[in-house]
Amino acid sequence: MSTPEKNKYASWAYAEEHSGQDSLLEQARHRSADVGTEPISDGTAAALTTFAAACGARNIVGIGLGAGLAGAALMRGATSDAVLTGIDADVDSVGATRQLLRSIGVQSSRTRLISGKAAEVLPRLTPRGYDLVFIDAAGESAADYVQHGLRLLHSGGTLILNDALDADRVPKPAVRETSTQAMRRVEAMLREDDNVVSALFSTGTGLLVAVKR
Ligand SMILES: C[S@@+](CC[C@H](N)C(=O)[O-])C[C@H]1O[C@@H](n2cnc3c(N)ncnc32)[C@H](O)[C@@H]1O
């Protein structure tokens, strides 16, 4: 009996399109180009909505807002009274996110959008005060933000790190870029941490998901 030909890329692309086109997020994707950021993929948006719903997220932290796609995706899955605390160093990204959230019906009382560097804002947030932390501004600082994220989560809370495969470079041993090495270190750190359970998904550019015990 012959083994069916494997085509991982075709499967990945199929899964990315599972949720279909979303016109609102499509507009926000164009806005990402205006603010000069790389937006999350459709598959990532669908995964974020699903994770937020699965953990009944009510208090959410988003690090790295871009044009707001991830914030919108998370708030779509979160509870109806959920509050998003969003951090971005870029004022235009904060403005674009505010606009997008308003356009999907999230009242301003349910958002706390902070313009500032994550390393300066994160220490001011309440430890064990959040259900879900999403990180999409990591690069070399991935380990620091993940440590902060775990501190902010209560037991049972979910941490999600985007671009965990660093644009497909993580699986290539010869690639030694600083950001690639940083993602490898975080993956190992979470795998070896007895206080979390974690899984690495190939969705979008890689989602590393950890639940705090
Ligand atoms: C890849 S984009 C995020 C895309 C976004 N999550 C989305 O939904 O499409 C990365 C964002 O991180 C922000 N950023 C980069 N370094 C940062 C830092 N040190 N502190 C806070 N935000 C930062 C950038 O301004 C940018 O908006």
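Residues numbered from 1 in each chain as written. Predicted model: local features only at pLDDT ≥ 70, side-chain atom pairs only at ≥ 80, totals over all residues.

## Overview of the site of the ligand
Close to the ligand lie 20 residues; G64, G66, L69, A70 and A137 are nearest. At the level of elements, helix 4 (69-77) and strand 2 (83-88) are the ones that each hand at least two residues to the shell around the ligand. A breakdown of the residues in the shell around the ligand according to their chemical character gives 10 nonpolar, 5 polar and 5 charged. (Near = placed C-beta within 6 Å. Helix = DSSP H or I, 4+ residues; strand = E, 2+ residues; numbered from the N terminus. Nonpolar A, V, L, I, M, F, W, Y, C, P; charged D, E, K, R; others polar.)

## Some details on the environment of R213
Residue placement: R213 occurs in the segment after strand 7 (207-212). Between the C-alpha atoms of R213 and D194, which are 19 residues apart in sequence, the distance is 8.3 Å.

## Some words on helix 8 (residues 178-192)
Along its 15 residues, helix 8 runs 21 Å from first to last C-alpha, staying within 8% of the 21 Å computed at 1.5 Å per residue. Along helix 8, the residues classified as buried are A182, M183, V186 and L190. Down the axis of helix 8, the sector holding all buried residues measures 95°, keeping them to one side. Those residues of helix 8 that are exposed and angled more than 90 degrees off the buried face are A188 and E192. Looking at the packing, one finds that the buried side of helix 8 touches helix 7 (142-152), strand 5 (153-162), strand 6 (196-201) and strand 7. (Expected span 1.5 Å × (residues − 1). Buried ≥ 20, exposed ≤ 12 C-beta atoms within 10 Å, placed from the backbone. Arc of directions from axis to C-beta. Contact = placed C-beta atoms within 7 Å.)

## Structural notes on the confidence of the model for the protein chain
Considering every residue of the protein chain, the mean pLDDT works out to 94; 98% of them sit at 70 or more. Of the two predicted TM-score estimates for the complex, the pTM is 0.96 and the ipTM is 0.98. (pLDDT = per-residue confidence, 0-100.)

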